[in-house]
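One letter stands for each residue in the lines below.
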Amino acid sequence: MKNKSLISIHDITRDDYDIILNLAEEFEKNHRQPILENFVVATLFFEPSTRTRLSFESAASYLGAKVIGFTDAATSSVKKGESLKDTILTVSNYSDLIVMRHPKEGSARYASEVAPVPIINAGDGANQHPTQCLLDLYSIRKTQKRLDNLNIAFVGDLKYGRTVHSLVQALTNYNTTFHLVSPDELKLPSSVKQFIKDKNLDYIQYTDMAEVIDKVDILYMTRIQQERFSDPLEYERVKNVYILKNNMLDNAKSNLKVLHPLPRVNEITEDVDDNSMAYYFSQAKNGVYVRQALLSLILDVKPAKK
Ligand code: CP
């Protein structure tokens, strides 16, 4: 992965996932290691973020790198009409690696084609969110002690949820059985379902979340993505369609973990937070270690062995 961009989960192989997750485990044991003291990491967020930006900045800071960037393109020269290409070429002069989130699908790939430094895609529209996918894999492996042969339910906005798209595609490497719960208008896109079919794996589509809870090892909840709807009435119709409450987990398998890429709006009630099956805040914490692993591998600086 040395000096390579990470734009899509397809840019890397299952062997790469193992390398990244194993290194993340090392960083989880010791995340304060100033191995990137001579590096500058830029974070360019053209769309809002809490976890992805701050966990990248936390990851880089614990490794000793300097962090520059913007959290609102309106405070940059983009506001004056500067193109994405010119922004990327300019910031490449000031940094060794760029982490970028942008609302337009394909923007991260384009940035990687013009940039002389590696680009990490922190989410491009409804397309891909590969680093979230890797921290999701890390969280699943950590809680289930394996990635192979799991039953995994994805619930909510499977159409626009880029974290779902990346994770479904990655999980096709692990003989996963997919339980896809969504309203008809927010089904998983055919292009993503094709990945499942290509691996001869099973997927079952549902509209009722109650049908899957006692069947699965992972319940991956998602937010209905208001910002991707062109018709506000359509959003109003589906926004509260799935709300997970604590008592709904009573008959779940004992190993079940509830994941959510966050932010949540109201699809998980707060009474679930105290249930030992709730894993979403730990999942977000795992993002620091996984992103440290990615920075270390792409910038080609190895951590000290413990
Ligand atoms: N999971 C995730 O991408 O969260 P943020 O939008 O807060 O970065």
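Attention in this report is confined to the structure presented alongside it. Keep in mind that this is a model prediction, so the values were computed, not measured.

**Some details on the nonpolar core**
In this structure, Leu134, Leu137, Phe154 and Leu295 are the most contacted members of the largest nonpolar core, which totals 59 residues. For this core, the element with the highest residue contribution is helix H9 (residues 280-298), accounting for 8 residues. The residues touching Leu295, leaving out its near neighbours within four places in the chain, are Leu36, Val41, Phe56, Ala59, Ala60, Leu97, Ile120 and Asp300. Judged by nonpolar contacts, the second largest core, of 22 residues, contains Val155, Met209, Tyr242 and Met277.

**Considerations on the sheet that holds strand S9 (residues 257-259)**
Ordered in space as S7-S6-S5-S8-S9, the 5 strands form an open sheet in which the pairing is parallel. Looking at which strands have only one partner, the edges of the open sheet turn out to be strand S7 (203-206) and S9. Taking the axes of each pair of neighbouring strands and ignoring which way they run, one obtains an average angle of 20° across the sheet.

**Notes on the sheet that holds strand S4 (residues 119-124)**
Strand order across the open sheet formed by 4 strands is S2-S1-S3-S4, with parallel pairing between neighbours. The two strands at the open ends of the sheet, each matched to only one other strand, are strand S2 (66-70) and S4. Across the sheet, the mean angle separating the axes of adjacent strands is 15° when strand polarity is ignored. By the bridge criterion, 5 bridges tie strand S1 (residues 40-45) to S2 in an arrangement that is parallel. Bridging across to S2, Val41 finds its partner in Val67. Against the sheet, helix H4 (residues 107-114) makes contact with strand S3 (97-102) and S4, and its axis sits at roughly 165° relative to S4, the strand it touches most.

**Brief notes about unusual backbone geometry**
The residue after Leu262, namely Pro263, is reached through a cis peptide bond having omega 5°. One non-glycine residue, Asn200, lies in the positive phi region at around 55°. Positionally, Asn200 belongs in the loop between helix H7 (190-198) and S7. Phi at Leu262 is positive, roughly 65°, even though this residue is not glycine.

**A word on empty space enclosed by the protein**
Under the criterion given, the structure shown has 1 cavity of 30 Å³ or more. By residue number, the principal contributor to the lining of the largest cavity is H9, which donates 5 residues. Partitioned by chemical class, the residues of the lining of the largest cavity number 5 nonpolar, 5 polar and 2 charged.

What counts, and where the lines are drawn
- Residues numbered from 1 in each chain as written.
- Predicted model: local features only at pLDDT ≥ 70, side-chain atom pairs only at ≥ 80, totals over all residues.
- Heavy atoms only, no water.
- Core = buried A, V, L, I, M, F, W, Y, C linked by side-chain atoms within 4.5 Å.
- Buried < 20%, exposed > 50% of the residue type's maximum accessible area, 1.4 Å probe, protein only.
- Helix = DSSP H or I, 4+ residues; strand = E, 2+ residues; numbered from the N terminus.
- Contact = heavy atoms within 4.5 Å.
- Pairing = 2+ DSSP bridges.
- Axes fitted to C-alpha atoms, helices over the stretch in contact; angles between N-to-C directions.
- 1 Å grid on protein atoms, 1.4 Å probe; cavity = no way out; pocket = protein on both sides within 12 Å on 5 of 7 lines; lining within 4 Å.
- Points joined across faces, edges and corners; volume = space filled by probe spheres on them.
- Nonpolar A, V, L, I, M, F, W, Y, C, P; charged D, E, K, R; others polar.

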